[in-house]
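# Descriptive structure summary
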Amino acid sequence: MSGVQQIEIPAGDADMRLDRWMRRTFPQLTQGRIEKMCRKGELRVDGGRVKSNTRLAPGQVLRVPPIPEGEAPAPQAGPRISDDDAKMMRDAVLWMDDHIIALNKPAGLPVQGGSKQTRHVDGLSEALRFDYDEKPRLVHRLDKDTSGLLLLARTREAASKLTGAFRSRETRKIYWALVAGVPQPYMGTIKFGLVKAPGHGSGGEGEKMICVHPRDVDSTPGAKRAVSDYSVLWRLGQRAAWVGLVPVTGRTHQLRAHMAEMGHPIIGDGKYGGSSQENLGDGWGAQLGGEISRKLHLHARLLRFTHPFTGKEIELEAPLPDHMKRSWDHFGWSEDTVRKDPFDLDEPLD
């Protein structure tokens, strides 16, 4: 039987669920076994009892109880990545230096593994080692169906510095979205708090965020304050709008839940934009019909940050994914007709 292990959570695993971290690290353990360890207090974080859905933070120390020899991890070979997946990951690289890799993440590709998710950025990043000994590390996340800019750190030191920058909101992230109807006023701030509704399944699948009025956040158990800025960039009558979005806070599904709460769900959002949502456009929910794709129309367009080693300001832009590009072409919109930062009214148009 193996002994007790004390494992420090690395920066690249920030905000990952404990059960998902355990299944990734010890693939021989079942979800039921992990939950039993939690109930018995055998799994502990910084000495305290935890639940299977506890979110981990960098620097925390996880106590892992002895694992019977029959369940001890077998030596793991490096993951086998197909030539097509390796090419896809390398083609997604927008920018790279000695410390950081920036990807234009494809829509539909999860960032991390989870229930029934075996193909994800974290695993496929093995293809981005290049001449380094270790694969690059995640420092922030995007939803599975959200495309666009995603940073990976090539070293532990870079991961620590970048994770800190994201947590302290020292980065500027601008998303583009296609939404149903046209938000009024054309520019504003959404301040609804968010509380997590339980998902279905033993692994917490199907988690969904529920909006809470700002006055009720403090009195709602589990609710957290959330702030998003939005700006209407182009309109299609009253049917749909191209909007710029900034998540001032970084809550799960924040932009999707906030836009749906306004009555303007993001097109293609099956989780938050169903037929029960008010829609000021011609269609219902988060679908426009016709030639418009049913995929989620949410894209991390621009990322601006201070390089943690050189001190220089880095500004990166990610081209639209194919399904959004087709929608933009259908409406006659062009990517170069709006300001890079739609909230900076002093910035000249190119």
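If you're wondering where the values come from, they're calculated on a predicted model, not measured in any experiment.

Moving on to the overall build of the protein chain. Along the protein chain, the regular secondary structure elements total 7 helices and 16 strands. Every one of the 350 residues in the protein chain was classed for burial, and the buried ones make up 47%. In the protein chain, once contacts between residues fewer than 6 apart in sequence are set aside, the share between residues at least 24 apart is 65%. As presented, the protein chain carries roughly 16900 Å² of accessible surface, and 48% of it is formed by carbon and sulfur atoms.

Further remarks concern the side chain of Asp269. Counting through the fold element by element, Asp269 comes out in the loop between helix H6 (254-261) and strand E15 (298-306). Within the structure, Asp269 has its side chain in polar contact with the side chain of Arg256 (distance 2.9 Å). A polar side-chain atom of Asp269 sits 3.2 Å from the main-chain amide nitrogen of Tyr272.

All buried positions along helix H3 (residues 83-91) are accounted for by Asp85, Ala86 and Met89. An end-on view of H3 places all buried positions within 100 degrees of arc, on one side of the element. Facing away from the buried side of H3 by over 90 degrees, the exposed positions are Asp83, Asp84, Lys87 and Asp91. For H3, the elements touching its buried residues are strand E5 (93-96), strand E6 (100-105) and helix H4 (121-124).

Below, the discussion takes up the UniProt feature "active site" (unreviewed entry) in the protein chain. Here the UniProt feature "active site" (unreviewed entry) sits at Asp143. Structurally, the position occupied by Asp143 is in the loop between strand E7 (137-138) and strand E8 (147-153). Residue class for Asp143 comes out partly exposed when judged on its relative accessible area of 22%.

This part takes up the confidence of the model for the protein chain. Interpreting fine coordinate detail is not advised for predicted regions of low pLDDT. Looking at the protein chain as a whole, the pLDDT averages 87, with 87% of positions reaching at least 70. Here residues 72-78 is a poorly scored stretch, pLDDT under 50, and it has 5 contacts once near neighbours within four places are set aside; other chains count.

A separate point is the nonpolar core. Counting 32 residues, the largest nonpolar core has Met89, Leu103, Val121, Leu245 and Leu298 as the members making the most contacts within it. Among the domains, domain 2 (83-168) and domain 3 (174-331) are the pair contributing at least three residues each to this core. By size, the runner-up hydrophobic cluster in this structure holds 18 residues, among which are Met22, Phe26, Ile34 and Val50.

Glancing now at the packing of aromatic side chains. Applying the stated criterion across every chain, the model contains 5 aromatic pairs. Measuring from ring centre to ring centre gives 4.9 Å for Phe331 and Trp333, while their planes differ by 50 degrees; the resulting arrangement is tilted. Phe331 gets classed as buried once you look at its relative accessible area, which sits at 13%. In this structure an aromatic cluster arises from ring pairing among Trp176, Trp242, Trp328, Phe331 and Trp333. A cation over a ring is seen here: Arg154 above Tyr132, with NZ or CZ 3.8 Å from the ring centre. The ring of Phe309 carries the charged tip of Lys161 above its face, separated from the ring centre by 5.8 Å.

Moving on, we get to the pattern of salt bridges. For the structure on display, the rule yields 20 salt bridges. The salt bridge involving Glu134 is made with Arg137; its shortest N-O contact spans 2.5 Å. For Arg137, a relative accessible area of 14% gives the class buried. In this structure, Arg301 engages Glu335 in a salt bridge whose closest nitrogen and oxygen atoms are separated by 2.6 Å. Taken together, the residues Arg301 in strand E15 and Glu335 in the segment after helix H7 (322-331) connect sequence positions 34 residues apart. Here the residues in one salt-bridge network are Arg172, Arg301, Arg304, Glu315, Glu317, Glu335, Lys340 and Asp341, joined through shared partners.

In this section: the sheet that holds strand E3 (residues 48-49). An order of E1-E4-E2-E3 is seen for the 4 strands of this open sheet, with the pairing classed as antiparallel. For this open sheet the edge positions go to strand E1 (5-8) and E3, each flanked by a neighbour on one side alone. Here E1 runs beside strand E4 (residues 61-64); their pairing, made up of 4 bridges, is antiparallel. Each residue of the ladder has a partner; that of Gln5, found in E4, is Val64.

The subject of this paragraph is the pairing of E8. Look at any regular strand and the pattern is simple: side chains alternate between the two faces of the sheet. In terms of residue burial, E8 counts as a mostly covered element, since 7 of its 7 residues are buried. Across 2 bridges, the pairing between E7 and E8 is antiparallel. Across the sheet, Leu138 pairs through a bridge with Leu152, a residue of E8. Relative to E15, E8 is paired through 2 bridges, and the arrangement is parallel. Paired with Ser147 across the strands is His299, a residue of E15.

Calculation rules
Residues numbered from 1 in each chain as written. Predicted model: local features only at pLDDT ≥ 70, side-chain atom pairs only at ≥ 80, totals over all residues. Heavy atoms only, no water. Helix = DSSP H or I, 4+ residues; strand = E, 2+ residues; numbered from the N terminus. Buried < 20%, exposed > 50% of the residue type's maximum accessible area, 1.4 Å probe, protein only. Contact = heavy atoms within 4.5 Å. Areas by Shrake-Rupley, 256 points an atom, 1.4 Å probe, with all protein chains shown as cover. Polar contact = N/O pair within 3.5 Å; in protein donor to acceptor, adjacent residues only side chain to side chain. Arc of directions from axis to C-beta. UniProt positions renumbered as here; feature names shortened; annotations may be inferred. pLDDT = per-residue confidence, 0-100. Core = buried A, V, L, I, M, F, W, Y, C linked by side-chain atoms within 4.5 Å. Domains from an automatic or database assignment. Phe/Tyr/Trp six-rings, centres within 6.5 Å; stacked < 30°, edge-to-face > 60°. Lys NZ or Arg CZ within 6 Å of the ring centre and 35° of its normal. Salt bridge = Lys/Arg side-chain N within 4 Å of Asp/Glu carboxyl O. Pairing = 2+ DSSP bridges.

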